Amino acid sequence: MATSQKSKSQDLLVSVAESIGSTLGAIAAKADAAKDAIVGGTDTAVKQAKREATKLVRKSRKTVAKARRSRPARKARAATRSARVTARKTAGKAVRKARRAASKVKRATPRRGRR
């Protein structure tokens, strides 16, 4: 009977020791995490902010590229292109018409300086 009593108490002691060890390990881990948060807090925050900014830039570039390829965007670009061409043609025609009119007026007026 003494041997079984001894093994039970030994098992209890081992269990208590394991419990204390795991508790101490958890406390040590929390202390280490707190130290890292205090000491390396700014460095970690800066790295995290950079990482988030990079993600945001990547995402926005992807979105812009998709928007460029979308059907409405292509239609809008085509419409502006054709409007630009039409405007240039119209402006050129107006300039040519004005030059022709000016040259007609110039030809119609008599030259006084020459005899």
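Here the structure is a predicted model, which means the values were calculated and not measured. (Residues numbered from 1 in each chain as written. Predicted model: local features only at pLDDT ≥ 70, side-chain atom pairs only at ≥ 80, totals over all residues. Heavy atoms only, no water.)

**Observations concerning the overall build of the protein**
What counts is decided by this rule: Here a helix means four or more residues in a row that DSSP labels H or I, a strand means two or more in a row labelled E, and each is numbered from the N terminus. Relative accessibility under 20% of the residue-type maximum defines a buried residue, over 50% an exposed one, and the middle range a partly exposed one, all with a 1.4 Å probe and only protein chains included.
If you tally the helices and strands in the protein, you get three helices and zero strands. Along the protein, helices (α) and strands (β) appear in the sequence α-α-α when read from the amino end. Across the 115 residues of the protein, 1% fall into the buried class.

**A few points about the pattern of salt bridges**
Worth spelling out the cut-off: Here, a salt bridge means any Lys or Arg side-chain nitrogen found within 4 Å of an Asp or Glu carboxyl oxygen.
All told, the structure shown has one salt bridge when counted by the stated rule. Among the ionic pairs, Lys55 bridges to Glu52, the shortest N-O distance being 3.9 Å. Note that Lys55 and Glu52 are positioned in helix α2 (residues 41–69) at a spacing of three residues, about one turn of the helix. Given the relative accessible area of 44%, Lys55 is considered partly exposed. When its relative accessible area of 44% is taken as the criterion, Glu52 is described as partly exposed.

**A look at the confidence of the model for the protein**
Just so we agree on the cut-off: Confidence scores here are pLDDT values: one per residue, from the predictor, ranging 0 to 100.
On average, residues of the protein score 82 in pLDDT, and 89% of them reach the 70 mark or higher. The least confident element of the protein is helix α1 (residues 2–39), whose mean pLDDT is 81; the most confident is helix α3 (residues 71–108), at 87.

**Notes on a positive patch on the surface**
Rules: Exposure above 30% relative accessible area and the absence of a salt bridge qualify a residue for a patch, where like charges join within 9 Å and nonpolar side chains (Val, Leu, Ile, Met, Phe, Trp, Tyr) within 5 Å. Exposure was quantified through the Shrake-Rupley algorithm and a 1.4 Å probe, taking into account, for residues, occlusion by the shown protein chains and nothing else. The charge count treats Lys and Arg as positive and Asp and Glu as negative. His and the chain ends do not count. Charge placement uses NZ in Lys and CZ in Arg. For Asp and Glu, CG and CD serve respectively.
A surface patch of positive charge is lined by Arg68, Arg71, Arg74, Lys75, Arg77, Arg81, Arg84 and Arg88. With seven residues, the single largest contributor to the positive patch is α3. Here Arg74 shows up in helix α3. Judged by its relative accessible area of 46%, Arg74 falls in the partly exposed class.

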